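Each chain is listed here by its residues.
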Amino acid sequence: MSLFKSRGVFASLCLWTILFLSVNAKTRKKDETRSMNDIYRGRCASRCLSLHSTRIATLSKQSQVENNGYLGWCQNHKQCAKCLEPCKASWDLKSQCRELCERSFPKKHWECVTSCEFLRSVVAVKQGDCPAPEKASGFAAACVEGCEKDGECSAQKKCCSNGCGHTCQPPKNLYKGAPLKPRKELSFEELRSGQMEVSWSTRFNVSAEPVIYVLQRRWNYGIQPSEDAATQWEVVAQTTEVKARLADIRAGRWYQFRVAAVNVHGTRGFTTPSRHIHTKKDPSSPPAPSELRMSNMTFGPGGRAVSVRLRWSIPSDLDVPVHHYKVSWSWATGSTGATAPLKTKRRKMVNGGQSYVELESLRANRSYSVELQAVSYWGQTPLKSPKATLHFNTRHRQEQTSGAHSVPVPEGLIPDVLDVGTPFYQDGQLQVRVYWQRSTDPTVVRYRVQWVPEYCGHNQTKGVDKIITREGFASLHGLLFSCKYRVNLQPLGTKGRAQAETTFFTPSCATIRAKSPKHIACPGQEGAPPSPKVLSKAENLTASFMAHKGNVTAVFTWEVSTPLPPQQLHGFQVTWAEVTSASRHNNLPNSLISQSQILPPERNVLVVSGLQLATPYRLEIQVIGAGGEGPATIKTFCTPTTSPVQQHRPRLRTQHQPNIERH
């Protein structure tokens, strides 16, 4: 059985290796094609300078050439600029040359047309000459029509006749008339102006035609240089001088450069890539996300629960890519429009490659305030953007557009349910905040809040506590650990007719202690014998997925290996995280963007929505008992690649296995 499993793993690795090599080959071919196009345009520019060589020689004697040398002069000369126009990277050769030139120069465009036709010819016909037909040997001598044009042949080979057919053959006189390569050592100097000067030295050239130097670069994000994570080569300068000044050098990037000497006859290729360099400046923090807006709002059954999708934009050309976004939102708690206290804010983290977020379980007819912050990492140092803010309300669209008011609520009734924040430890006690929308009855100005534990994991108990407030929220103090609480809200003066109730669970003392740098005294547990270490862990973890319009909802279930007595089982600590892709153009380590939740002991199921298709995730579950947290069960899985017709119920794989199960 293990042999078959090993073979399966080996076959999977072979398949991924073949796929990786195939993708790399396609990328290299695309990179080579782009570089050759840059060479072709350099030959085109060299021809234009050749046509005006007499005038250029005169200017050279008078020392009147500056700003990118002769090429800069040509760009500012009326006739030479017409010749140079088709040599630009923006020029599209799909249409006829005359038609293209007439668009740019309605009159006297013959220089443009001849330059365009020359560029077409160098694209179609590679450097060098075809050998004599009788010198063909091997497959090149076969009487077949193996090609029709040079572009169908690989590398430097040309489509040549062998006397009875046409095959791809190595050319002769490949570098005839082409200038020598510059020396491979490039020099770099960071100027006070912030520019980077790249310079090179040339060998002695006997070329009669002007030489154009084509400078290319590539780069990668990160603390360390990496050729594997680098971008494709791109042209950053075309000049007749032996140096170029670049103003767009960014912090947080490693650069490599190479240069080719080109004339009308061709080139001998680019120099080997230079050493990696980077600017001395520290990378900047990302800017605040822009265009933060609500793109969709959905009302659940009964119209009370609301889901909102928010979208935003951020520039793609940053010093360091965005690692993740922090999203926090709160709501108005009364007629004054004041936002809820900091502890009642809800928070969410979003992958840096995503520009939207789903806010779920909002309440209808409320005003919300959202804050969004982009976070990048330079090594272990976080770089945080300023916060973007959005205010919106969750009224029905019909009410917003027509100006109609929401349906009136009978006097004294509370128009919405209670909301409960996350329990927190402060001032030596466990606390939580609850909040509500204030009554529409103008005579109701005070509210009574009562809370009592229904049961506790350590058999403690406590009587009813209460508080009276005029606000739309209240802080519940002195809570016990590992308990289920019931909260009751009643507007005073309603004679018991209107009430709202909800329940919530408090975490264990061990959970709070583990997350606090300070010592926490657990009420009812000081002086008691230490609880036995928790050895139980989650097992038989399964998952099902439902996909709709690109969003995936996952349902996880599990069992407890060694069931604990009810008084010792306090709940489950569940953490789920997206494993970020290592395929981005950076060499930052794989990292996790996680969310955590504490579930009561009777809930061994977790529903997570808003996951992405075909994305790897990690799930971690710990049993919380009287003695603390048990061993962590860590599983990895990948969401479906497409929207499934039926639910998938995969068995999740453990983290140490070499491959991730695909669904």
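As annotated in an unreviewed UniProt entry, the chain is Anosmin 1a from Salmo trutta.

So, on to the pattern of salt bridges. Within the structure shown, the criterion is met by 17 salt bridges. A salt bridge links Arg250 to Asp319; the shortest N-O distance between them is 2.8 Å. With Arg250 in the loop between strand S7 (243-246) and strand S8 (253-263) and Asp319 in the loop between strand S11 (305-313) and strand S12 (324-331), the pair connects residues that are 69 residues apart, well separated along the chain. Judged by its relative accessible area of 22%, Arg250 falls in the partly exposed class. In this structure, Glu358 and Arg309 form a salt bridge, with 2.5 Å as the shortest nitrogen-oxygen distance. Residue Glu358 is found in strand S14 (residues 356-363), and its partner Arg309 is found in strand S11; the two are separated by 49 residues along the sequence.

On to the environment of Glu85, then. If you trace the backbone, Glu85 turns up in the loop between helix H4 (78-84) and helix H5 (97-104). Between the C-alpha atom of Glu85 and that of Cys116, which follows or precedes it by 31 residues, the distance is 8.5 Å. Once residues within four sequence positions are removed from consideration, Glu85 is found in contact with Trp91 and Phe105.

The biggest cluster of nonpolar side chains holds 32 residues, and the ones touching the most others in it are Leu84 and Trp91. Elements with a contribution of two residues or more to this core: helix H1 (2-51), helix H3 (69-76), H4, H5, helix H6 (110-124), strand S5 (212-221) and S8. With 25 residues, the next largest nonpolar core counts Val308, Trp312, Leu359 and Leu362 among its residues.

Sheet architecture is open: four strands sit in the order S22-S21-S24-S25, paired in antiparallel fashion. Only two strands of the sheet have a single partner each, and these edge strands are strand S22 (465-469) and strand S25 (500-505). Here the average twist between neighbouring strands, direction ignored, is 20°. Two elements, strand S21 (residues 447-456) and strand S24 (residues 483-491), share nine bridges in a ladder whose sense is antiparallel. Residue pairing for S24: Val449 is matched across the bridge by Leu489.

We now examine the sheet that holds S5. Spatial strand order, S6-S5-S8-S9: four strands in an open sheet with antiparallel pairing. The open sheet has two edge strands with one neighbour each: strand S6 (234-239) and strand S9 (266-270). Each strand of the sheet is rotated relative to its neighbour by a mean of 25°, with strand direction disregarded. Here S8 pairs with S9 via three bridges, running antiparallel. The residue bridging Val262 from the neighbouring strand is Thr267, located in S9.

The rules behind these values
Residues numbered from 1 in each chain as written. Predicted model: local features only at pLDDT ≥ 70, side-chain atom pairs only at ≥ 80, totals over all residues. Heavy atoms only, no water. Salt bridge = Lys/Arg side-chain N within 4 Å of Asp/Glu carboxyl O. Helix = DSSP H or I, 4+ residues; strand = E, 2+ residues; numbered from the N terminus. Buried < 20%, exposed > 50% of the residue type's maximum accessible area, 1.4 Å probe, protein only. Contact = heavy atoms within 4.5 Å. Core = buried A, V, L, I, M, F, W, Y, C linked by side-chain atoms within 4.5 Å. Pairing = 2+ DSSP bridges. Axes fitted to C-alpha atoms, helices over the stretch in contact; angles between N-to-C directions.

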